[in-house]
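# Observations on chain architecture
What follows is each chain in one-letter form.
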Amino acid sequence: MSTESTKTGSGRVGGKIAVISGGASGIGLATAERLAREGAKVAITDVDVANGEALADRLTAEGHDVFFMKLDVVDPASWAAVVDTVVERWGGLDILLNSAGIGRVYPLLEMTLEEWRHTNAINLDGTFLGTQAAARAMSVSGGGSIINISSVAGLVGLPTASAYSASKGGVKLFTKAAALECANMKLNIRINSVHPGYIETPMVMRRFKDVEAEAADVQALKDQHPIGRLGQRDEVASMILYLASDESAFVTGAEFVIDGGYSAQ
Ligand code: NAD
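Now for a description of the structure that goes with this document. Chains are numbered independently. Their residues run from 1 in the order of the written sequence. Since the coordinates come from a predicted model, pLDDT governs what is reported: local features require at least 70, and pairs of side-chain atoms require 80 or more to be given and counted, while whole-chain, interface and lining totals use all residues. Only heavy atoms go into the side-chain values, all of them from the structure, while hydrogens and water stay out.

With that settled, consider helix H5 (residues 113-141). Note on conventions: DSSP H or I runs of at least 4 residues are helices, E runs of at least 2 residues are strands, and numbering of each starts at the N terminus. Every helix has an expected span of 1.5 Å times one less than the residues it contains. Relative to the 42 Å expected for 29 residues at 1.5 Å per residue, H5 spans 40 Å between its end C-alpha atoms, a close match to the ideal helical length. The angle separating two fitted axes, one through the seven residues that finish at a residue and one through the seven that start at it, defines the bend at that residue. Residue Ala121 marks the point of greatest curvature in H5, where the axis turns by about 40 degrees. Just beyond H5, the residue with positive phi is Gly142, at close to 105 degrees.

Structure (structure tokens):
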């Protein structure tokens, strides 16, 4: 759902330097496109090398200054390598989007400890490691904005998604604590969380594999949102763009909900 203004941009993050985790798909991909078109230099990172490189090639062909680097968010050495590469190449770091995540469902009575840990490792540990690596660089280069993707599942409980809800609730309060710590140290580093409802990305849509089941199941999901539809990744990218830009200079430690009214019920 790109509009003409999202395609061309008006330099709202002109000259800024960004890293995006989970940039090969969904919300991360839409944000990579948006930040690049709004003038940022963007390092796209993901474990999905094929789609990450394809996006970087496409944006480079459009004339943007971007590159892809493989990053597994659970690996501290990978984070250090990405941040070092970006600082060496472009001279600093202004924006980090922690979008990498997995959305598996596990019934409580059957979930194994490994499944619980896997979800929390990627969604919560990965967000901590990214925030720490970026904040270290930003504290040297004069500040920046870190945006952590939580979920409505970080605000209210989702049945069969207790590991996911725990990880996203963790992201919400980790964000606040880290934001306060950076503010207290006067580092000029802002950290905020974004809480989407169900957004039409591969994470959500891959569960509707069976065409027969698809229409009814997708409708049932839409009906959970008072506004009557699923969200679009570009709509989330718009919120992230605001938080990444200097327009949000007085915003830190805050929760930004974008859920068509899901959590207002
Ligand atoms: P997506 O599946 O389209 O994209 C997620 C990306 O993360 C993929 O490219 C994947 O390869 C990458 N990834 C997974 N594990 C990784 C790892 N260990 N290291 C690096 N990259 C890894 O999903 P999406 O819908 O764009 O989700 C993005 C974020 O938004 C996630 O944190 C998700 O939990 C959150 N979220 C999504 C929705 C939704 O409805 N789509 C709602 C609320 C929150």
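A few words on the sheet that holds strand S5 (residues 144-149). What makes two strands pair is DSSP finding at least two bridges between them. Overall, parallel pairing links the seven strands, which are arranged S3-S2-S1-S4-S5-S6-S7 in an open sheet. Each edge of the sheet is formed by a strand with only one pairing partner; in this case those strands are strand S3 (66-70) and strand S7 (255-258). Across the sheet, the mean angle separating the axes of adjacent strands is 20 degrees when strand polarity is ignored. In the sheet, strand S1 (residues 17-21) pairs with strand S4 (residues 95-98) via four bridges, with the strands oriented parallel. Bridge pairing links Ser21 to Asn98 in S4. Here, axes are lines fitted to C-alpha atoms. For helices the fit covers the stretch in contact, and angles between N-to-C directions go from 0 to 180 degrees.

Taken together, 29 residues lie around the ligand, and Ser25, Asp46, Tyr164, Ile199 and Thr201 are the ones closest in. Tyr164 is positioned with one of its side-chain polar atoms (N or O) 2.6 Å from an oxygen atom of the ligand. Taking Thr201, its side chain carries an N or O atom lying 2.5 Å from an oxygen atom of the ligand. Computed over the protein atoms alone on a 1 Å grid, cavities are sets of points where a 1.4 Å probe fits but cannot get out and pockets are open sets with protein on both sides within 12 Å along at least five of seven lines; a residue lines them when it has an atom within 4 Å of a point. A cavity or pocket is said to hold a molecule if more than half of that molecule's atoms lie within 2 Å of its grid points. Structurally, the ligand is housed in the largest pocket. For the shell around the ligand, the secondary structure elements donating two or more residues are helix H2 (26-37), helix H6 (162-184) and helix H7 (202-205). Throughout this entry, Asp, Glu, Lys and Arg are counted as charged residues, while Ala, Val, Leu, Ile, Met, Phe, Trp, Tyr, Cys and Pro are counted as nonpolar. The remaining residues, Gly among them, count as polar. Each residue belonging to the shell around the ligand can be placed in one class, and the counts come to 15 nonpolar, nine polar and five charged. We define proximity as follows: a residue is near a molecule or strand when any one of its heavy atoms falls within 4 Å of that partner. Any pair of N or O atoms that falls within 3.5 Å is considered a polar contact. Within protein, one atom must be able to donate a hydrogen and the other to accept it, and sequence-neighbouring residues count only if both atoms are side-chain atoms.

Empty space among the atoms can be located by rolling a probe the size of a water molecule over them. Grid points are joined across faces, edges and corners, and a volume is the space filled by probe spheres set on the points. Of the voids in this model, the largest pocket is the one considered here, and its volume is about 1200 Å³. In terms of lining residues, the largest pocket is bounded by 48 residues, among which Gly101, Ile102, Gly103, Met203 and Val204 are the most central. Looking at the lining of the largest pocket, the elements with two or more residues in it are H2, strand S2 (41-46), H6, H7 and helix H8 (211-223). By residue class, the composition of the lining of the largest pocket is 25 nonpolar, 15 polar and eight charged. Taken as a whole, the second largest pocket holds about 210 Å³ of empty space.

On to the nonpolar core. By size, the foremost hydrophobic cluster in this structure holds 31 residues, and its most contacted members are Leu35, Val42, Ile44, Ile147, Val194 and Ile240. Counting residues in hydrophobic clusters, the runner-up holds 28 residues, among them Ala43, Val82, Leu93 and Leu96. We define the nonpolar core as a collection of buried residues of types Ala, Val, Leu, Ile, Met, Phe, Trp, Tyr and Cys that are connected through side-chain atoms lying within 4.5 Å of one another. Three exposure classes are used, based on accessible area relative to the maximum for each residue type with a 1.4 Å probe and protein chains only: buried under 20%, partly exposed in between, and exposed over 50%.

Residue position: Asn148 is located in strand S5. For Asn148, a relative accessible area of 0% corresponds to the buried category. Residues Asn148 and Lys168, spaced 20 residues apart in sequence, show a C-alpha to C-alpha distance of 9.7 Å. At 2.7 Å, the side chain of Asn148 and the side chain of Asn98 are in polar contact.

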